[in-house]
Amino acid sequence: MSILIQQAMIMTMNDNDAPFKGDIRVEGDRIVEIATHIESQPGDEVIHGKDMLAMPGLINAHQHSPMSLLRGFSDDLKLMDWLDRKMLPAEANMTPEDIYWGAQLSHAEMIRSGTTTYADMYVHMNEIAEAVTLTGMRASLTRGMVFMEDDGGRRLQEAIDLVQRWSGMAEGRITTMYGPHSPYTCAPEPLRDVIAMAEKENVPIHIHLAETREEVIKIQERYGVTPTEYLENLGMFEQAHVLLAHAVHLDRQDVERLKGMRGGVSHNPVSNLKLGCGIAPITEMMAQGIQVGLGTDGAGSATTVDMFEEIKAATWLQKLDYGDPTRLPARKVLQMATRGSAGLLNLQEQVGVLEVGRKADIILIDLSKPHLQPVHNLESLVAYSVNGADVDTTMVNGKILMKGRELLTIDEELLFHETRTRAKRIVEGI
């Protein structure tokens, strides 16, 4: 079976490619041809691309997918109140089955809003992997590990089991990382052990960094260094591929410390804005050659996991912060949400660009809407006007997950019933 997308506007996200009208042929899980015209063949599933834009699926570089069950539950609170009074008690009430359905709810929202790949950090990762297998998304899965107290090695063993059981599963759509939660929840010795294990096994690391001023103060009081310097001193940036989530509170020396690292930073502007955390210096990082992608964080903080909201917030924040409207232009922020995030997930050879030989992770955006007409500059239109509801079709690994706004791998009626019931039980009495 092959799929032929005909006469869509195509935005490849390659540096030197301007948008153009053309066709895309998909065979199996890969793109096999892109041209201004491709003849259809018997057996082709033809998708008519009139008034559509084809582009790489968006890649969410930092998520906590089951937190969709806590959307809107703890808004307008300071971070530590949000965490201690609301999030942690609610999460303690979650069962593995709750986590499965919460992940699936996030998947439904991501598929509907054009995200094809995401990086997840949570607990009960087998259930999340099962949800990924069902829904058809591509995912980098991480068992988050907190080393504040002795748990007999349970968290670490669960992380190892995840890597061994799920790497390469679901037709290759699942990859894995090791996930020490953050500098302030991981003491030096266990963190050093995880770094050594990741380097030996060539498994990437996914970790939060300097999300709040409180974290910077804690690490300074404990160790006399910044959180970034703490990780550097433990050798995290020497050999391992590292995905750093947030990196809001970095000084100039911290940015210098990240130069040359494998991996990079997931910028999560909506969550950072909503929790009042601050504005990450991402254009300074990019100027130093540090790779930056985009993520949403969990819906418990960001409320939405629509990556088009992150695209807007990221570029507008940099323009405002520097008083410079030329900062982070449309093409660059779109590349962050595709190619940049792909690099953070160590998938830069597979996804993030529409190119022959790459995985067929493609979205079609319906441009026949008042807020998307007229089209003067397509990249500006996508960066500043498109929202997730404009996505018509989502394809991952050559399989169509949504067409004409209809989800094909998720039973939404059942999903909504399960998540409403479970969310009500989780938050009762908190």
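Residues numbered from 1 in each chain as written. Predicted model: local features only at pLDDT ≥ 70, side-chain atom pairs only at ≥ 80, totals over all residues. Heavy atoms only, no water.

### Thoughts on the overall build of the protein chain
Inference 1: When you go through the protein chain residue by residue, the secondary structure sums to 15 helices and 17 strands.
Inference 2: The C-alpha atoms of the protein chain give a radius of gyration of 21 Å, which matches the 22 Å a tight globule of 430 residues would have.
Inference 3: Dimensions of the protein chain, computed from the C-alpha atoms along their principal axes, are close to 65 × 45 × 45 Å.
Inference 4: Of the contacts made within the protein chain by residues no fewer than 6 positions apart, 72% connect residues no fewer than 24 positions apart.
Inference 5: By element, 50% of the accessible surface of the protein chain is carried by carbon and sulfur atoms, the whole surface being about 16,700 Å².
Inference 6: Taking the 41 positively charged and 61 negatively charged side chains of the protein chain as two groups, their mean positions are separated by 2 Å. (Helix = DSSP H or I, 4+ residues; strand = E, 2+ residues; numbered from the N terminus. Rg over C-alpha atoms; globule rule 2.2 N^0.38 Å. Contact = heavy atoms within 4.5 Å. Areas by Shrake-Rupley, 256 points an atom, 1.4 Å probe, with all protein chains shown as cover. Lys, Arg positive; Asp, Glu negative; His and termini not counted. Charge placed at Lys NZ, Arg CZ, Asp CG, Glu CD.)

### Some points on unusual backbone geometry
Inference 1: Backbone torsion omega between Gln373 and Pro374 reads -5°, so that peptide bond is classified as cis.
Inference 2: By the secondary structure assignment, Pro374 is in the loop between β14 (362-366) and α14 (378-384).
Inference 3: At Ala247, a position not held by glycine, the phi torsion is positive, near 50°.
Inference 4: Considering the arrangement of structural elements, one finds Ala247 in the loop between β11 (241-246) and α8 (252-258).
Inference 5: Positive phi, close to 65°, is recorded for Asn346, a residue that is not glycine.
Inference 6: Position of Asn346 among the secondary structure elements: in the loop between α13 (330-344) and β14.
Inference 7: Under the relative-accessibility criterion, Asn346 is labelled partly exposed at 33%. (Buried < 20%, exposed > 50% of the residue type's maximum accessible area, 1.4 Å probe, protein only.)

### What to know about α13
Inference 1: Taking 1.5 Å per residue as the helical rise, α13 with its 15 residues ought to reach 21 Å, and the 20 Å between its terminal C-alpha atoms agrees with that figure.
Inference 2: At Met336, α13 shows its largest kink, close to 45°.
Inference 3: Taken across its 15 residues, α13 has 12 buried, putting it largely inside the fold.
Inference 4: Ala330, Val333, Leu334, Gln335, Met336, Ala337, Thr338, Gly340, Ser341, Ala342, Gly343 and Leu344 are the residues of α13 that are buried. (Expected span 1.5 Å × (residues − 1). Bend = angle between axes of the 7 residues up to and from the residue.)

### Considering the packing of aromatic side chains
Inference 1: For the structure on display, the rule yields two aromatic pairs.
Inference 2: Between the aromatic rings of Tyr100 and Trp101, the centroid separation amounts to 5.2 Å while the plane-to-plane angle is 85°, which identifies the pairing as edge-to-face.
Inference 3: Residue classification places Trp101 among the buried residues on the basis of a relative accessible area of 12%.
Inference 4: Ring centres 4.6 Å apart and planes at 20° place the aromatic pair Tyr223 and Tyr230 in the stacked group.
Inference 5: For the cation-ring pair, Arg327 lies above Tyr322, with the distance from its terminal atom to the ring centre recorded as 3.6 Å. (Phe/Tyr/Trp six-rings, centres within 6.5 Å; stacked < 30°, edge-to-face > 60°. Lys NZ or Arg CZ within 6 Å of the ring centre and 35° of its normal.)

### Description of the side chain of Thr185
Inference 1: Tracing the backbone through its elements, the reader meets Thr185 in the loop between β9 (174-180) and α5 (188-201).
Inference 2: Looking at Thr185, the relative accessible area reads 8%, which means it is buried.
Inference 3: A polar contact of 2.9 Å, which involves the side chain of Thr185, links it to the side chain of Ser182.
Inference 4: When neighbours within four sequence positions are excluded, Thr185 is seen to be in contact with Val146, Phe147 and Met148. (Polar contact = N/O pair within 3.5 Å; in protein donor to acceptor, adjacent residues only side chain to side chain.)

### Quick look at the nonpolar core
Within soluble globular proteins, side chains that are nonpolar tend to cluster in buried spots.
Inference 1: Ranked by size, the top nonpolar core spans 109 residues in total, and within it Leu141, Tyr178 and Leu244 carry the most contacts.
Inference 2: Tallying contributions element by element places helix α2 (residues 96-112) first for this core, with eight residues.
Inference 3: Core analysis: the second largest hydrophobic core is formed by 16 residues, Ile5, Ile31, Leu354 and Ile400 among them. (Core = buried A, V, L, I, M, F, W, Y, C linked by side-chain atoms within 4.5 Å.)

### Section: the side chain of Ser65
Inference 1: On the secondary structure map, Ser65 appears in the loop between β6 (58-63) and α1 (79-92).
Inference 2: For Ser65, the side chain forms a polar contact with the side chain of Asp120, separated by 2.5 Å.
Inference 3: Beyond its immediate stretch of four places on either side in the chain, Ser65 contacts Gly102, Ala103, Ser106, Tyr118, Asp120 and Ile128.

### Some words on the pairing of β14
Inference 1: Burial runs high along β14: five of the five residues are buried.
Inference 2: Burial along β14 is two-sided: the residues Ile362, Leu364 and Asp366 and Ile363 and Ile365 are all buried.
Inference 3: With five bridges joining them, strand β5 (residues 52-56) and β14 adopt antiparallel strand pairing. Note on β14: the bridge partner recorded for Met52 is Asp366.
Inference 4: As judged from the four bridges shared by β14 and strand β15 (residues 391-396), these two strands associate in the antiparallel manner. If you follow Ile363 over to β15, its bridge partner there is Thr394. (Pairing = 2+ DSSP bridges.)

### What about the confidence of the model for the protein chain?
Do not read the fine detail of predicted coordinates wherever pLDDT is low.
Inference 1: On average, residues of the protein chain carry a pLDDT of 97, and 100% of them reach 70 or more.
Inference 2: Taking the mean pLDDT of every element in the protein chain, the minimum, 89, falls on α1 and the maximum, 99, on β14. (pLDDT = per-residue confidence, 0-100.)

### Remarks on the environment of Ala245
Inference 1: Here Ala245 is to be found in strand β11.
Inference 2: Given a relative accessible area of 0%, Ala245 falls into the buried group.
Inference 3: A sequence separation of 139 residues divides Ala245 from Tyr384, and the C-alpha atoms of the two residues are 24 Å apart.
Inference 4: In contact with Ala245, other than residues within four places in its own chain, are His62, His206, Ile207, His208, Leu209, Ser266 and Asn268.

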